[in-house]
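Notes for the structure review
Given next are the chains, with one letter for each unit.
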Amino acid sequence: MSRSCRTSAVLVVFMALAVGAGAEPSKERTCDVIGDESSESQIERALLDKLEPLSQMRFNVTVEKGKTENYVYSFRVCREVNSTARDFGGVVQTDRQNGKTTVIGRINETQVFNGSDWIMLIYKGGDSYGRHCSGEKRRAVIMISCKRGVTASSFSIISEEREKEQDCFYLFEMDSSVACPAEDSRLSIGSILLITCASLIAVYIIGGFLYQRLVVGAKGMEQFPHFAFWQDLGNLVADGCDFVCRSKPRNAPAAYRGVGDDQLGEESEERDDHLLPM
């Protein structure tokens, strides 16, 4: 091989390496809301962002009806089930008998809306029906219900409506915490007052204790702030309870008498002096 040919071959190899190094892996396609990009609803975009934590998951459910229908339904949230097929299929039906796949709904024709505790995701533009539904395109409706503490679970198919002339659909459901409303974390007025009072009492006790110990040099119980005041207050409270709750005068004898109290009474006036010798 001549020198010029070797130089050309080396240049081709370097160019191929440069192109390979600069190429980035293609990103997965995501949901495209129906309508022009400029007219997309901000609410729909916000709901799609809310569903993003589910995008890396794949869901499957098997349906078997006798010997004629045995299908596996595969579903992904705003991602293609088979990214290598590049068919935008968000929900795909696979016939387990012959391996045939049918796209139920595509992510490039997406609708999404929500309620208080649910999100409805709709994929339109699936493969056409044959003899059913006037041959229109299939459509997948996925109801995502709120279930706190669960990222995603219980994916299942509810029904297939294909006996109508039009607007046929497949209905799926699943549970997920992403459909739950944000929890109200506001505190009540009573809770705020309790927290404030507890904080003030803690500051009073800790601050007073440090002052009495470090500044005044108090020891023992005298380190408690205003110890004499609280001691007097306790005595006053005890006296008040004694005054209010006592049902008998203070000088009344006790109702309880111990064992042998009857033997400690006053000495009898009768004496045995007549028995003494004169």
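The residue numbering used here restarts from 1 in each chain and proceeds along that chain's sequence as written. Per-residue local features of the predicted model are confined to residues with pLDDT of at least 70, and side-chain atom pairs are confined, for both listing and counting, to 80 or more; whole-chain, interface and lining totals are unaffected and use all residues. With hydrogens and water excluded, all non-hydrogen atoms of the structure serve as input to the side-chain values.

1. As for the environment of Asp117
Locating Asp117 in the fold gives a position in the loop between strand 4 (101-114) and strand 5 (118-125). Burial classes: relative accessible area under 20% of the type maximum marks a residue as buried, over 50% as exposed, and values in between as partly exposed (1.4 Å probe, protein chains only). For Asp117, a relative accessible area of 37% gives the class partly exposed. Distance from Asp117 to Lys147, taken between C-alpha atoms, is 8.7 Å for residues 30 residues apart in sequence. Runs of H or I in DSSP of at least four residues are treated as helices and runs of E of at least two as strands, each being numbered from the N terminus.

2. Some details on the pattern of salt bridges
Between Lys or Arg on one side and Asp or Glu on the other, a salt bridge is scored when a side-chain nitrogen of the former is within 4 Å of a carboxyl oxygen of the latter. Counted by the stated rule, this structure contains eight salt bridges. Notably, a salt bridge pairs Glu52 with Arg79, separated by 2.8 Å at the nearest N-O pair. With Glu52 in the loop between helix 2 (42-50) and strand 1 (59-65) and Arg79 in the loop between strand 2 (69-75) and strand 3 (89-95), this pair connects stretches of sequence that are 27 residues apart. Glu52 sits in the partly exposed class, given a relative accessible area of 37%. Counted as one network, the salt bridges with shared partners bring together Glu28, Glu52, Arg76 and Arg79.

3. What to know about the sheet that holds strand 3
Read from one edge of the open sheet, eight strands run 1-2-3-4-5-6-8-7, paired in mixed fashion. Because the sheet does not close on itself, it has two edges, and the strands there are strand 1 and strand 7 (153-161). For this sheet, the mean inter-axis angle between neighbouring strands, taken without regard to orientation, is 25 degrees. Bridge count between strand 3 and strand 4: five bridges; the pairing is antiparallel. Across the sheet, residue Val91 finds its bridge partner in strand 4, namely Gly105. Contacts were defined at the residue level, with two residues in contact if any of their heavy atoms lie within 4.5 Å. Axes here refer to lines fitted to C-alpha atoms; in helices the fit is confined to the stretch in contact. Angles between the N-to-C directions go from 0 to 180 degrees. Strand contacts of helix 2: strand 4 and strand 5, with the helix running at about 120 degrees to strand 4, the strand carrying the most contacts. Any two strands are treated as partners once DSSP identifies two or more bridges connecting them.

4. Describing the packing of aromatic side chains
Pairs were defined over the aromatic rings of Phe, Tyr and Trp, the Trp ring being its six-membered one, requiring ring centres within 6.5 Å. Orientation was assigned from the angle between planes: stacked under 30 degrees, edge-to-face over 60, tilted for the rest. Following the criterion strictly, the structure yields eleven aromatic pairs and no others. The interplanar angle of 40 degrees and the centroid separation of 5.9 Å between the aromatic rings of Phe59 and Phe155 together place this pair among those described as tilted. With Phe59 in strand 1 and Phe155 in strand 7, this residue pair connects regions lying 96 residues apart in the sequence. For Phe155, a relative accessible area of 11% corresponds to the buried category. Geometrically, the ring pair formed by Phe113 and Trp118 is edge-to-face, given 6.1 Å between the ring centres and 85 degrees between the ring planes.

5. A short note on the confidence of the model for the chain
One rule of thumb: low pLDDT means the predicted coordinates there are not for detailed reading. When pLDDT is averaged along the chain, the result is 81; 77% of the residues meet or exceed 70. The secondary structure element of the chain with the lowest average pLDDT is helix 1 (residues 3-22), at 53, and the one with the highest is strand 6 (residues 140-146), at 96. On a range of 0 to 100, pLDDT expresses the predictor's confidence in each residue. Predicted confidence is poor over residues 18-24, with pLDDT under 50, and the contacts of this stretch with residues over four places away or in other chains come to zero contacts.

6. So, the state of the cysteines
Put simply, a disulfide is two cysteine sulfurs that come within 2.5 Å. Evaluated as defined, the whole model comprises three disulfides. For Cys31, the disulfide goes to Cys78, at an S-S distance of 2.1 Å. Between Cys31 and Cys78 the sulfur-sulfur dihedral comes to about -100 degrees; the bridge is accordingly left-handed. You can see Cys31 sitting in the loop between helix 1 and helix 2 and its partner Cys78 sitting in the loop between strand 2 and strand 3, a full 47 residues away along the chain. Neither Cys31 nor Cys78 differs from the other in exposure class; each is buried. The side chain of Cys146 participates in a disulfide bridge whose partner is Cys180; the two sulfur atoms lie 2.0 Å from each other. Negative torsions about the S-S bond denote left-handed disulfides, and the value of about 100 degrees found for Cys146 with Cys180 makes this one right-handed. One end of the pair, Cys146, is in strand 6; the other, Cys180, is in the loop between strand 8 (169-176) and helix 3 (189-216), and 34 residues separate them in sequence. Assessed through its relative accessible area of 26%, Cys146 is described here as partly exposed.

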